[in-house]
Amino acid sequence: MTDTTAPQPAAAQATPAMQRSVFDHRLQPRFMLPLLALLIAFPLIAQATGEDFYIGVASRVLVFGLAAASLNFILGFGGMVSFGHAAFVGLGAYTVGLLMQQGISSAWLAWPLAMLMGAVFSLLVGAISLRTQGVYFIMITLAFAQMLYYLIMSFKALGGDDGLSLPSRSDISLGLDLAQDATFYYVVLALVSTSLLLMARVLNARFGHVLQAIKENETRMQAIGFPVYRYKLVAFSLAGAFAGLAGALLANQGSFVGPGMLQWTQSGILLIMVILGGVGHLYGGLLGAAVFLLLEEVLAAYTVHWQLGLGAVLLMVVLVAPNGLLSLRRGMWSKR
Amino acid sequence: MNTILILEQSLNGLQFGLMLFLLAAGLTLVFGIMDMINLAHGSLYMIGAYLVATFSQASGSFWLGLGLGVLATVLVGVLLEYTILRRLYHRDHLSQVMGTFAILLMSNEIVRIIWGAQPLMLNPPAALAGPVMLMDGFSYPAYRLLIIGVGLAVALLLWLLVTRTRFGMQVRAGAANREMATAMGANVRRLFTLVFALGAALCAVAGGMLGPLLAVQVGMGESILILAFVVIVIGGIGSIRGALLGALLVGLVDTAGRTLVPLLFDKAMGPEVAANAGPAVASILIYVLMAAVLFYKPQGLFPAHD
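Analysis parameters
- Residues numbered from 1 in each chain as written.
- Chains lettered and ligands numbered in written order.
- Predicted model: local features only at pLDDT ≥ 70, side-chain atom pairs only at ≥ 80, totals over all residues.
- Heavy atoms only, no water.
- Helix = DSSP H or I, 4+ residues; strand = E, 2+ residues; numbered from the N terminus.
- Buried < 20%, exposed > 50% of the residue type's maximum accessible area, 1.4 Å probe, protein only.
- Contact = heavy atoms within 4.5 Å.
- Lys, Arg positive; Asp, Glu negative; His and termini not counted.
- Charge placed at Lys NZ, Arg CZ, Asp CG, Glu CD.
- Rg over C-alpha atoms; globule rule 2.2 N^0.38 Å.
- Buried area = accessible area lost by both parts, 1.4 Å probe.
- Polar contact = N/O pair within 3.5 Å; in protein donor to acceptor, adjacent residues only side chain to side chain.
- Nonpolar A, V, L, I, M, F, W, Y, C, P; charged D, E, K, R; others polar.
- Pairing = 2+ DSSP bridges.
- Expected span 1.5 Å × (residues − 1).
- Bend = angle between axes of the 7 residues up to and from the residue.
- pLDDT = per-residue confidence, 0-100.
- Patch = residues over 30% accessible without salt bridge, like charges linked within 9 Å, V, L, I, M, F, W, Y side chains within 5 Å.
- Areas by Shrake-Rupley, 256 points an atom, 1.4 Å probe, with all protein chains shown as cover.
- Salt bridge = Lys/Arg side-chain N within 4 Å of Asp/Glu carboxyl O.
- Axes fitted to C-alpha atoms, helices over the stretch in contact; angles between N-to-C directions.
- Parallel < 35°, antiparallel > 145°, perpendicular 65-115°, else oblique.
- Left-handed = near helix turned anticlockwise from the far one by under 90°.
- Phe/Tyr/Trp six-rings, centres within 6.5 Å; stacked < 30°, edge-to-face > 60°.
- Lys NZ or Arg CZ within 6 Å of the ring centre and 35° of its normal.
- UniProt positions renumbered as here; feature names shortened; annotations may be inferred.

Q: Where do I start with the overall build of chain B in this structure?
A: Counting secondary structure elements, chain B contains 11 helices and 2 strands. Principal axes of the C-alpha set define a box for chain B whose edges measure 60 × 50 × 35 Å. Looking at the 306 residues of chain B, the share that counts as buried comes to 55%. Taking all contacts inside chain B whose residues are at least 6 apart in sequence as the whole, residues at least 24 apart take part in 78%. For chain B, the distance from the average position of its 15 positive side-chain charges to the average position of its 12 negative side-chain charges is 13 Å.

Q: Explain the overall build of chain A to me, please; I cannot follow it from the model alone.
A: The helix and strand inventory of chain A stands at 14 helices and 2 strands. Relative to its length of 336 residues, chain A is compact, with a C-alpha radius of gyration of 21 Å against a globular reference of 20 Å. Here the C-alpha coordinates of chain A stretch approximately 80 × 50 × 45 Å along the principal axes. Put simply, chain A has 336 residues, and 52% of those count as buried.

Q: Would you take a moment to explain the interface of chain A and chain B for this structure?
A: It is common to report an interface's size as the accessible area lost on association of the parts. With 42 residues of chain A at the contact, the number on the chain B side is 43 residues. Taking both sides of the interface into account, the surface hidden between chain A and chain B amounts to around 4,000 Å²; carbon and sulfur atoms contribute 82%. Linking chain A to chain B there are 4 residue pairs in polar contact (both at pLDDT 80 or more). Counting residues per element, the ones that place at least two in the side of chain A that touches chain B are helix H6 (134-154), helix H11 (264-277) and helix H13 (306-320) of chain A. The element that contributes the greatest number of residues to the side of chain A that touches chain B is H6 of chain A, accounting for 13 residues. Its residues placed into classes, the side of chain A that touches chain B shows 33 nonpolar, 7 polar and 2 charged.

Q: Would you mind showing me how to read the pairing of strand E2 (residues 138-141) of chain B here?
A: Remark: a regular strand shows side chains that alternate across the two faces of the sheet. Residues and elements named next belong to chain B. Pairing geometry for strand E1 (residues 131-135) and E2, over 4 bridges, is antiparallel. If you follow Met133 over to E2, its bridge partner there is Ser139. Between E1 and E2, which pair antiparallel in sequence order, lie 2 residues; one of them, Gly137, sits at a positive phi of approximately 75 degrees.

Q: Even after reading the chapter, I still don't get helix H3 (residues 53-78) of chain A, so can you show me in this structure?
A: Each turn of an α-helix holds 3.6 residues, which means side chains three or four residues apart point in the same direction. Residues and elements named next belong to chain A. For H3, spanning 26 residues, the distance from its first C-alpha to its last is 37 Å, which sits close to the expected 38 Å at 1.5 Å a residue. At Asn72, H3 is bent by approximately 35 degrees, the largest bend along its length. Here H3 lies mainly inside the structure; 23 of its 26 residues are buried. In the segment just after H3, Gly79 is the residue with positive phi, at about 70 degrees.

Q: Help me understand the confidence of the model for chain B in this model?
A: A low pLDDT score tells you not to read the predicted coordinates there in detail. In the predicted model, chain B carries a mean pLDDT of 86, and the fraction of residues at 70 or more is 98%. Scored as a whole, the predicted complex attains pTM 0.86, and scored at its interfaces, ipTM 0.83.

Q: What's the story with a nonpolar patch on the surface in this structure? I'm lost.
A: Where nonpolar side chains cluster on the molecular surface, the patch consists of Leu113, Leu116, Met117, Val120 and Leu124 of chain A and spans about 430 Å² of accessible area. Relative to the helices and strands, Leu116 of chain A resides in helix H5 (residues 107-129).

Q: Teacher, can you tell me more about the packing of H3 of chain A against helix H12 (residues 284-302) of chain A here?
A: To describe two helices that pack against each other, one gives the angle between their axes and the distance between the axes. Residues and elements named next belong to chain A. At a minimum axis distance of 7 Å, the contact between H3 and H12 shows a crossing angle of 140 degrees. In terms of orientation, H3 lies oblique with respect to H12. Once H3 is placed against H12, the crossing between them reads as right-handed. Each of Phe53, Val57, Arg60, Val61, Leu62, Phe64, Gly65, Leu66, Ala68, Ala69 and Asn72 in H3 lies in contact with H12, whose residues at this interface are Gly284, Gly285, Leu286, Ala289, Ala290, Leu293, Leu294, Glu296 and Glu297. Looking at the contact of H3 with H12, its residues break down into 13 nonpolar, 4 polar and 3 charged.

Q: Any chance you could explain unusual backbone geometry here in plain terms?
A: It is generally the case that most residues other than glycine have a negative phi and that most peptide bonds are trans. All names here are of chain A. Positive phi values are uncommon outside glycine, yet Ser255 reaches one of about 50 degrees. With respect to the secondary-structure elements, Ser255 resides in the loop between helix H10 (228-254) and strand E2 (256-257). The class of Ser255 is partly exposed, set by a relative accessible area of 24%.

Q: Help me out: how do you make sense of the packing of aromatic side chains in this one?
A: The description of an aromatic ring pair rests on the distance of the ring centres and on the angle between the ring planes. Residue and element names in this part refer to chain A. Applying the stated rule across the entire model yields 19 aromatic pairs over all chains. Pairing Phe31 with Tyr283 gives two aromatic rings, centres 5.2 Å apart and planes at 70 degrees, and the pair type is edge-to-face. Here Phe31 is found in helix H2 (residues 29-48), whereas its partner Tyr283 is found in the loop between H11 and H12, with 252 residues between them in sequence. A connected cluster of aromatic rings, assembled from ring pairs, spans Phe88, Phe121, Phe137 and Phe236. A cation sits over an aromatic face here: Arg169 above Phe184, 4.3 Å from the ring centre.

Q: Please clarify how the UniProt feature "transmembrane region" (unreviewed entry) in chain B should be interpreted in this entry.
A: Residue and element names in this part refer to chain B. Per the UniProt record, "transmembrane region" (unreviewed entry) is found at residues 12-32, 62-85, 97-115, 142-162, 191-218, 224-252 and 273-296. Span residues 62-85 is 92% helix and 0% strand, its end C-alpha atoms 31 Å apart. Across residues 191-218, the secondary structure splits into 71% helix and 0% strand, with the terminal C-alpha atoms separated by 31 Å.

Listed below in structure tokens is the structure:
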């Protein structure tokens, strides 16, 4: 005999397809695909209109978008406010620069090595820093970044204050010439979108769910028995790897590496990009980097005192959109 | 020779530490009471230095310039608190970082518009330009001695203010537990405006006093701001005593490191390594110090919150 009013078995109710966690982040194809199409078409449009200059700008935006997204990965989804993220970026850049100086220009060697350096250094920094919390975590990550900054700046072999000028871009072979700005742009676009997809994949996996749950309530996760420290450390180190890649691309983009890349204000700017775009939004870092760099570009075209305008805009965003620009969009949608 | 070197470096360290304390004191109270990260604190130091230099040049008197400059900086600080910072107290640390970073960018640019990109020169009072003989064969610049004197006097005044007055009692209560202090009748909002004004004044004193030693230039607040943060984190956030001890520790370690590390490296590993690695190791010493302190005492040496 079956009782029709009895609740259905739990297994039937929660099929895998229905088990959408609050921690899932959809890639939103209807938003992403047109964006990707536009990004792919961009160099063609720029060349057709004779504005080749903007291909370089777009590469820079994408690279910084990757750096900011890697910071957002640990900040927005893991609650770790790293104030030393520029160190991982800078380390990746110097890896490329140093190899190039030794005459090794293969991208296939230099870029993965840059990621490895970022991952290893962030593993070291994270292993010590993650024992502290809150403001103390912010300060200790900053401390390690400063150590690296001074260390790199004082070594003559690394160019000291002046940095290193790279004779050429990395060599990727495959018949691709990275010296061509458009080719470089497409390689960057491919790497940045792959990285973002990877990050989204990790966030939607069990690992990402645990990470986000730790952000929500670390004590509870600890009590349930999750090795919280290890999860955070792995995430921190993963972010370091992506930051290292961003650094390698940045070095290639400008054909230059310098200690300025590791300054604390650079870490601050990466934080600003994330906050500006939207902490904990999948595209937050990318959007923040785009808005920040384009504002800089536009304002600098009008006045030498562009920092005044940039500061004013940032201040306004803080006061008007407390959770970043992407929160505005959500607000407009919910009003509908 | 060696005792003289050590004596000289100790005095240099003391002088640097005391100036750091002036910056850190305001920063730690703002942080401790309002739980506010203020990256624009270094900007007040820069603005203070510029205002002191300008008033000194205009009036021809260093002391008059210092007094007027401090007053003007207090005005700027209070104005800043009243118009912008007030809106950031109840926000999370990230919003505060972004908001105050925006202020930092803007004040750099405003200073550049008003005073130009060239560094400003500020001369010490003529009477104190020379060295003073302290011991046989050991003379020390008079102006640096004055900085030490002023630093000690301000530290003493601040200590009296915080430990012996009603205002100080409320400040300490606010730093230890803001909600409880409010419940017990302290007007934390007004208190904070006062603390902020005090912090701005201390910034201007530090900027004005250091002006003749360093170049008064755009961006001068940024590197020293990080040091001030290091100081308050080592000392324990919200604690004046911690700020003083942390500042002296950082001042002495930094100064000693810059002299002794290259010497030691030179003896142990030869001049080439010393020239290369010496300055690097000396620069990172204070960050190693901070990491070590936080490793063993995550709340700093004298935590104000318990």
